[in-house]
Each structure stands twice: as C-alpha cells, then as structure tokens.
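The chain contents come next:
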Amino acid sequence: IVPVFDEQPSTVITHSLSSKEYKSQFQEFTTADGGSSSVGADATPGGGNSSNSSNNRRGDNNNNNLPKDDKKDIERRMLVRSKSHIKHSFRDVDVKGQTLCKFVCTTYWATQFHAVRQVFLSTITNSNNSVSGSKASSPPSNNEATNALYNEEKCFIRSLSSSNSWAASGGKSGAAFAKTKDDRFVVKCISRTELQMFLDCAPAYFEYLSKSFFHGLPTVLCKIVGVYQIGYHNKATGKRDMQQVAVMQNIFYGRKITKTFDLKGSLRGRFAKNLESNNVGVAGGNQLDSTEDNNESSSSKDSVAHRKNSRSKDQHEYSDSESDEDDEDSSVSTDDSNEEDNASADRSLSPDSATSSQPKLKPSDNGDGGNKARVKIPSSETTLLDGDFLEFTAGKPLPLSDRAKAVFHMSILNDTLFLTLINVLDYSILVGIDEENMELVIGIIDFMRQYDILKQMERVGKSIPMVVGSEAPTIIQPPLYKARFTNAMEKYFMTVPTKWTTI
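The present account deals with the structure reproduced in this document. (Residues numbered from 1 in each chain as written. Predicted model: local features only at pLDDT ≥ 70, side-chain atom pairs only at ≥ 80, totals over all residues. Heavy atoms only, no water.)

Broken down by element type, the chain carries 13 helices and 13 strands. Sequence separation of at least 24 residues holds for 79% of the intrachain contacts in the chain that already meet a minimum separation of 6. Accessible surface, the chain as shown: approximately 20300 Å² in total, 50% of it carbon and sulfur. (Helix = DSSP H or I, 4+ residues; strand = E, 2+ residues; numbered from the N terminus. Contact = heavy atoms within 4.5 Å. Areas by Shrake-Rupley, 256 points an atom, 1.4 Å probe, with all protein chains shown as cover.)

Structural data, given as structure tokens:
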C-alpha cells in the first residue's frame, strides 16, 4: 500500500514507480532496447547481478568488481539515446466508484535513470570514502553485489514514500524543496524551461556519468537520479496543480556538517547577510539551488513572477488534459507531449556526478584553531556565500592534502568543461565542512540552466552598474563563467604538503 498526499509530490512518484502499469511500460522499453525483461522495484532491469559502484569522487576503478556482462548491460542501458518517457495516470475513487482525485506522473528517461540509480545508489557503495587516499574496502562477493542491486530500487521508492517540505537557505529562485524523511534525497521543483533544457541535454548527462563510473573520470557533480512531471486534480477540494521536479542525492547524507558554503567565484553581493536583508528566495543549506547575485532583488522578483506564471500555465494545461481524459479515460497533459516531442535526444548533458568529493582538511598551524574566531557567522544552518567564505578563511586559501587537491582540481576541470560544452552556466559548488572527520563534502549544483536569450538579456541588464566600478555580474557567457569559476577554486583551496608529498 502506497499512500498518496497532495502536499507531497514524491508520494505520487512512489505510487507510479510501484504500479503494474509502470513496470509493464518499463519492460517494453528494456525489451525494445535489447535488454533483459526484468523490471520494476522487485527486480533489476537488464538482469544485472552485480555491482560494486565505483567511488567517482576518487576516480578509482572499483567497478572492476562488476561481472563483465552486467557492467556492459548497465552501461549500454545508460547510453541508450532513444526516449523512454513513461506516462502513468491513476485516480482515487469512493465506494460508489466516483472519481475523487486524478493523478498523472510522467517519468522522463526511465530506463537511463534506472541504470544511474543502479550504479550510483548501490547500498554496498561506501558513500563516505575520502579522496585522501585511504585504502578501499575489500570487494564484495557476487551475491552481495546482486542483493545490493536488487534492493536499491526498493530503497529509492521507499525513500520517496515520505517527505517533508524544506525551506533551504542561500538562494533567491523561489523554488520549492522537499527532503525525504530518511534524509537521502532532495526533491526540487523546477521550471518548465529548466525541464526542457535538461531533457535536451540528458543523453550527454548520461554519457558523462557512464564515463565517471565505468572509466574512472573524476567528477563532483551532484547526481540527479530522476526527473518527473506530476499533476493532480482533487475534485473534493477543487485544488489542481502541475509541477516538474528533479530528485537529487543529498550530498550531506550521513554527515555532521557544521558549516555550508555556496561558492560561485563571484563577490558581487555574495554575503549571506545581504541575502537575509533582501528576504528573497530559497536554496542552500544542504541546498540544491543556488542563484545569481544576492543584491539583485529586481531580477529575483522577475524570476519568481515567471515561475508563478509558468505554474499557472501548467495548471491550465492540466485542466485541459483532464477534459480529454474524461472523454478518452486517459490522463495526458498536452504540455507533456509537446515537451517530449521537442526534447532532442542527440544533445547530451552530464549526470549528476559521483557523489561529491571529500578532500581531507589540514588543520591550521597557527594557534587560533584556523581563523574561525574572526568571523561572525549568521547561523549554523545558514548557507554562506563567497564573501563569507573569504571572511571565514581570513582571505587565505583553505588547505587540502595534496591528493585531495589533485582530485578536486581534476574534477572541477572535467565538470566545468562538460557544462560549458552543453552551454550551461550559473552553477555553483556546495561545500560542507565536516569538522568531526576533518573532511570537506562537496558537489556542483544547479546545472540545469542553459545560456538562452533570457540569460543574455539578464547579463546585459546586470552589466550596466559596472560603469560605476561594481563587480562583474554573475551572468556571463559559459566559457567566461568557467574561467572565473575555476580561477576562484584555485584561490579558495590550496595544497599543503606533508612528509609523504613528492616534489
């Protein structure tokens, strides 16, 4: 039994993924792609037996523990470029058989995302391994790997079965967030524009993830493990809604994070106190939504207004689709079909990469315990920005071990190059400090927005204050954004040699 609640979109996803209709359509896609017919939460599509998922943060090839046949099958399904969107509609009826509420859930790139979850969410993966060069645990047996893959989809569905609204701090986009009660996943509402951009780039995203897992490419992208469109009409209350959501891993899962930073490499208005005084938006904390400049409240208002208009349009389209459903007994959104037709399967976007890097922190040699006492932190739960980070470190780079810095540097170069190739900008890196283990937990977030005409207009508008000596705007062309971002990361973090460091 899977209860569904209007105020918890993740429960609609859970019900859909657990349904016989979804499993039937999933099986059709896997069979058409030449894979095994096993499917759904009770079996692993493609007959995969295996999987010791590699630690992509370290770039190690731990996936060699996978049987070759299973590894090839999972990689093949991840790289399939044909669309595998599954639309599932269902309804709640009373004892008289009258419809009380209608639901529709569209799962985008179902088979590809299932493969992503197989390799990156495996319960036998040690998600808390450090990049500092610690020894890998002994490889699991084939039976252990089989059980891990068998159970992982069930764990994913169970996690989504219960979630709570989450007021993430740190950004201004106005996006709604929810976090599953087990703290493993974050569900973020995205705009139709972001959804369409991601659908266009999805094949490249899956290709990038496959390189990360199967070929040891270092990456710190925060992994997106599912994208859905959800709609419902409650006839008892008259409430109806249509929204798009992305399900992402919570990179701070199982960690005791004492401070969180959202870094973009720009100092224009990048102070948490400025964001609080403007009283705008959501995103941050363990956040998965960072936005542009925190001083530009007018731009934020336009963004929120655009999101509200988009939501209103979605609801209207869902209402129209319901009229058709009453005649044809099928709940299909016109907007869905248009988006599916427009999604270009030939373009690619990189996956929400291997669960975050965790470079080892080097303690400061000066007796003040780092420079923490010099900074007045707004709140232990507040997501701090670039300006706060420089205050926290007293303008000095944060020290990392040589191995951690090497992996961090390669990951940043790989990820920013990939995002530039698919014309994405406005991303940021989320940095959490785990003082108990003296480690950093990091992940690049907000990589679903491309440099379109709206972003170009925004850049022109924000460039006007530069004539009076202001900082450059955060919205610039993707190659320039990449250069500024990578240069800032070099300034924010540095290598501290140890007695084991070779010259």
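Anyway, onward from the coordinates.
Next up on the list: the packing of helix H1 (residues 9–18) against helix H2 (residues 20–32). How two helices sit against one another is set out by the angle between their axes and by the gap between those axes. The contact between H1 and H2 brings their axes to 5 Å, and the two run at 60°. In terms of orientation, H1 lies oblique with respect to H2. Along the contact surface, H1 presents Ser16, Leu17 and Ser18, while H2 presents Lys20, Tyr22 and Lys23. The residue makeup of the contact of H1 with H2, split by class, is two nonpolar, two polar and two charged. (Axes fitted to C-alpha atoms, helices over the stretch in contact; angles between N-to-C directions. Parallel < 35°, antiparallel > 145°, perpendicular 65-115°, else oblique. Nonpolar A, V, L, I, M, F, W, Y, C, P; charged D, E, K, R; others polar.)

Moving on to the packing of aromatic side chains. Per the stated rule, a full pass over the model turns up 22 aromatic pairs. Geometrically, the ring pair formed by Phe213 and Phe214 is edge-to-face, given 4.6 Å between the ring centres and 90° between the ring planes. A residue is classified by how much of its surface remains accessible, and Phe214, at 7% relative accessible area, is buried. Measuring from ring centre to ring centre gives 5.7 Å for Phe389 and Phe493, while their planes differ by 50°; the resulting arrangement is tilted. With Phe389 in helix H10 (residues 386–392) and Phe493 in strand S13 (residues 493–495), the pair connects residues that are 104 residues apart, well separated along the chain. The exposure class of Phe389 is buried, given its relative accessible area of 1%. One aromatic cluster in this structure is built from Trp109, Phe113, Phe198, Tyr205, Phe206 and Phe447. Across from the ring centre of Trp166, 4.2 Å away, lies the NZ or CZ of Lys179, which sits over that ring. (Phe/Tyr/Trp six-rings, centres within 6.5 Å; stacked < 30°, edge-to-face > 60°. Buried < 20%, exposed > 50% of the residue type's maximum accessible area, 1.4 Å probe, protein only. Lys NZ or Arg CZ within 6 Å of the ring centre and 35° of its normal.)

Within the chain, Asp426 stands out as a residue other than glycine whose phi angle is a positive 65°. Considering the arrangement of structural elements, one finds Asp426 in the loop between helix H11 (402–421) and strand S11 (428–434). Its identity is not glycine, yet Asp446 carries a phi of approximately 60°, on the positive side. With respect to the helices and strands, the residue Asp446 is situated in the loop between strand S12 (439–445) and helix H12 (453–463). A relative accessible area of 12% means that Asp446 is categorised as buried.

Structurally, Glu439 can be placed in strand S12. When its relative accessible area of 6% is taken as the criterion, Glu439 is described as buried.

As a further point, take the sheet that holds strand S1 (residues 86–93). Strands in a sheet are paired, the pairing made by backbone hydrogen bonds, and the direction either parallel or antiparallel. The antiparallel open sheet is built from seven strands, whose spatial order is S1-S2-S6-S7-S5-S4-S3. The two strands at the open ends of the sheet, each matched to only one other strand, are S1 and strand S3 (163–165). Strand-to-strand, the axes of this sheet are offset by a mean angle of 25°, without reference to chain direction. On the sheet, H2 packs against S1 and strand S2 (99–108) and is oriented at approximately 170° with respect to S1. (Pairing = 2+ DSSP bridges.)

Buried residues dominate S11, accounting for seven of its seven residues. Burial of S11 is two-sided: the residues Ser428, Leu430, Gly432 and Asp434 facing one way and the residues Ile429, Val431 and Ile433 facing the other way are all buried. Judged from the five bridges that link them, strand S8 (residues 259–263) and S11 form a sheet pairing that is antiparallel. Of the residues in S11, the one forming a bridge with Asp262 is Leu430. Note: S11 against S12, seven bridges, orientation antiparallel. Note that in S12 the partner of Gly432 across the bridge is Val441. Taken together, S11 and the strand that follows it, S12, pair antiparallel across an intervening segment of four residues, in which Met438 is found at a positive phi of about 55°.

In this section: the nonpolar core. Grouped together as the largest cluster of nonpolar side chains are 62 residues, with contacts concentrated most on Ile224, Ile429, Ile444, Met489 and Phe493. If you tally residues by element for this core, the top one is helix H6 (residues 192–215), at twelve residues. Core analysis: the next-biggest nonpolar cluster, separate from the first, contains 25 residues, Val12, Ile86, Phe90 and Phe156 among them. (Core = buried A, V, L, I, M, F, W, Y, C linked by side-chain atoms within 4.5 Å.)

Bringing the packing of H11 against helix H13 (residues 478–492) into the picture now. At their nearest, the axes of H11 and H13 sit 9 Å apart, and the two run at 170° to each other. Compared by their axis directions, H11 and H13 come out roughly antiparallel. Contacts from Lys405, Phe408, His409, Ile412, Leu413, Thr416, Leu417 and Thr420 of H11 reach H13 at Pro478, Pro479, Lys482, Phe485, Thr486, Met489 and Glu490. Grouping the constituent residues of the contact of H11 with H13 by class yields eight nonpolar, four polar and three charged.

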